[in-house]
Amino acid sequence: MTDTAGRYGVAGASDVPGTSVAPASSGASGTSDHSPIVLVHGTAGSRANFEESAPVIKTSGRPVLSVSYGHRGTTDIRWSLEEVIAQLSILTDRYGSIDLVGHSQGGLLSLAASGILNEAASAPRIDHVVGLAADFRGVARPWFRPPESPLLRSIDRALCPAFADQLVGSEALAEVLPHTATSRVPVTQIITRFDRIVPADRAVAFTAFDELSGVPAHQGPTRVVEVQDHFPHAQFGHAVMPHRPVVGQLVVDALAAPPVDQRTGVRAAVGSGVTG
């Protein structure tokens with residue numbers, strides 16, 4: 001992932017079922033009523049994961065689009081990042097800038113893509129990343145998994161490389177994480193206390209120096225929102241996050257009021273490097 005210019009192929013981006021695309025704003029940059037919200041599914045997922053939350057997100061009045069990648073998000077995360085960037089480039093060329101909403105691996109790829117795309121552009125192309133239980137710094141080895149072995153690596157690579165790639169210490173993750181570290185985009189992370197896949201300690205690891213991955217705190221403003229603080233009776237875990245309409249409402253609220261610099265109360269510019 002060292003040569004980011006000219007490496008990415010071209011792929012298409014599609015509407016979420018039941019959504020529509022507003023006319024493109026010619027050359028406009030910065031979030032506006034015509035700036036799309038782009039949904040990025042997670043591992044072993046698809047655009048259909050957002051079918052129940054997308055109608056709620058549409059109440060923002062903005063077009064809602066989605067991308068698909070990596071054979072339902074199961075292939076090497078480096079290849080998936082290339083696919084995502086190719087699709088996002090099409091959208092940013094058309095609209096100027098976009099907001100990203102990524103579930104799990106989709107959040108990791110969204111943040112890495114924001115680092116690459118914003119660094120290469122004269123004006124920000126990604127304005128805000130909203131993670132739905134995103135593993136922005138990767139995940140630790142599950143307690144039930146035995147120590148690493150060549151046999152396990154072979155099984156992982158054969159069945160679902162993306163699962164193994166997201167474990168801290170993997171070669172693939174080591175190549176993707178530096179791109180997240182260059183991003184200065186505002187980030188909102190929406191989590192559930194019932195998550196056993198990306199537990200709270202890993203979900204918030206991007207807000208400070210992460211000892212496990214060695215990646216510094218995110219350079220832009222950050223905010224963490226727990227579903228149960230707003231919907232106390234919501235009892236669901238990691239996999240169903242993008243399916244829930246209440247999560248869609250939290251996404252709408254987050255995008256309407258991006259994280260701010262807590263010292264000044266003012267939203268930091270994407271390129272300012274202020275951490276909230």
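In this text, all values refer to a predicted model and were calculated from it rather than measured experimentally. (Residues numbered from 1 in each chain as written. Predicted model: local features only at pLDDT ≥ 70, side-chain atom pairs only at ≥ 80, totals over all residues. Heavy atoms only, no water.)

Asker: Sorry, what's going on with the overall build of the protein here?
Answerer: For the protein, the count of helices and strands is 10 helices and 7 strands. Of all 276 residues assigned to the protein, the portion counted as buried reaches 53%. The contacts in the protein between residues at least 6 apart in sequence include a share of 81% that link residues at least 24 apart. Accessible surface computed for the protein: about 11800 Å², of which carbon and sulfur atoms make up 56%. (Helix = DSSP H or I, 4+ residues; strand = E, 2+ residues; numbered from the N terminus. Buried < 20%, exposed > 50% of the residue type's maximum accessible area, 1.4 Å probe, protein only. Contact = heavy atoms within 4.5 Å. Areas by Shrake-Rupley, 256 points an atom, 1.4 Å probe, with all protein chains shown as cover.)

Asker: Please explain the packing of helix H3 (residues 77-95) against helix H7 (residues 171-182) as it appears in this structure.
Answerer: Running from N to C, H3 and H7 point in directions that differ by 35 degrees, and their axes come no closer than 9 Å. In this structure, H3 contributes Ile77, Arg78 and Leu81 to the contact, and H7 contributes Glu171, Ala172, Leu173, Glu175, Val176 and His179. Grouping the constituent residues of the contact of H3 with H7 by class yields 5 nonpolar, 1 polar and 3 charged. (Axes fitted to C-alpha atoms, helices over the stretch in contact; angles between N-to-C directions. Nonpolar A, V, L, I, M, F, W, Y, C, P; charged D, E, K, R; others polar.)

Asker: Explain the side chain of histidine 218 here, please?
Answerer: Looking at where histidine 218 falls in the secondary structure, it is placed in the loop between helix H8 (200-203) and strand S7 (222-226). Look at histidine 218 and you get buried, because its relative accessible area is 2%. A polar contact is formed between the side chain of histidine 218 and the backbone oxygen of valine 185, at a distance of 2.6 Å. Within the structure, the side chain of histidine 218 is placed 3.4 Å from the backbone nitrogen of glycine 220, a separation counted as a polar contact. (Polar contact = N/O pair within 3.5 Å; in protein donor to acceptor, adjacent residues only side chain to side chain.)

Asker: Looking at this model, I keep getting lost on the pattern of salt bridges. Mind explaining?
Answerer: When charged atoms on two side chains of opposite charge get close, those side chains can pair. Following the criterion strictly, the structure yields 8 salt bridges and no others. For arginine 125, the salt bridge goes to aspartate 93, with nearest N and O atoms at 2.7 Å. Placement of arginine 125 in the loop between helix H4 (105-120) and strand S5 (126-132) and of aspartate 93 in helix H3 is noted, with a sequence separation of 32 residues between them. Among the residues examined, aspartate 93 registers a relative accessible area of 61% and is labelled exposed. A salt bridge links aspartate 229 to arginine 193, with the nearest nitrogen and oxygen atoms 3.8 Å apart. Taken together, the residues aspartate 229 in helix H9 (residues 227-230) and arginine 193 in the loop between strand S6 (187-191) and H8 connect sequence positions 36 residues apart. A relative accessible area of 46% means that arginine 193 is categorised as partly exposed. (Salt bridge = Lys/Arg side-chain N within 4 Å of Asp/Glu carboxyl O.)

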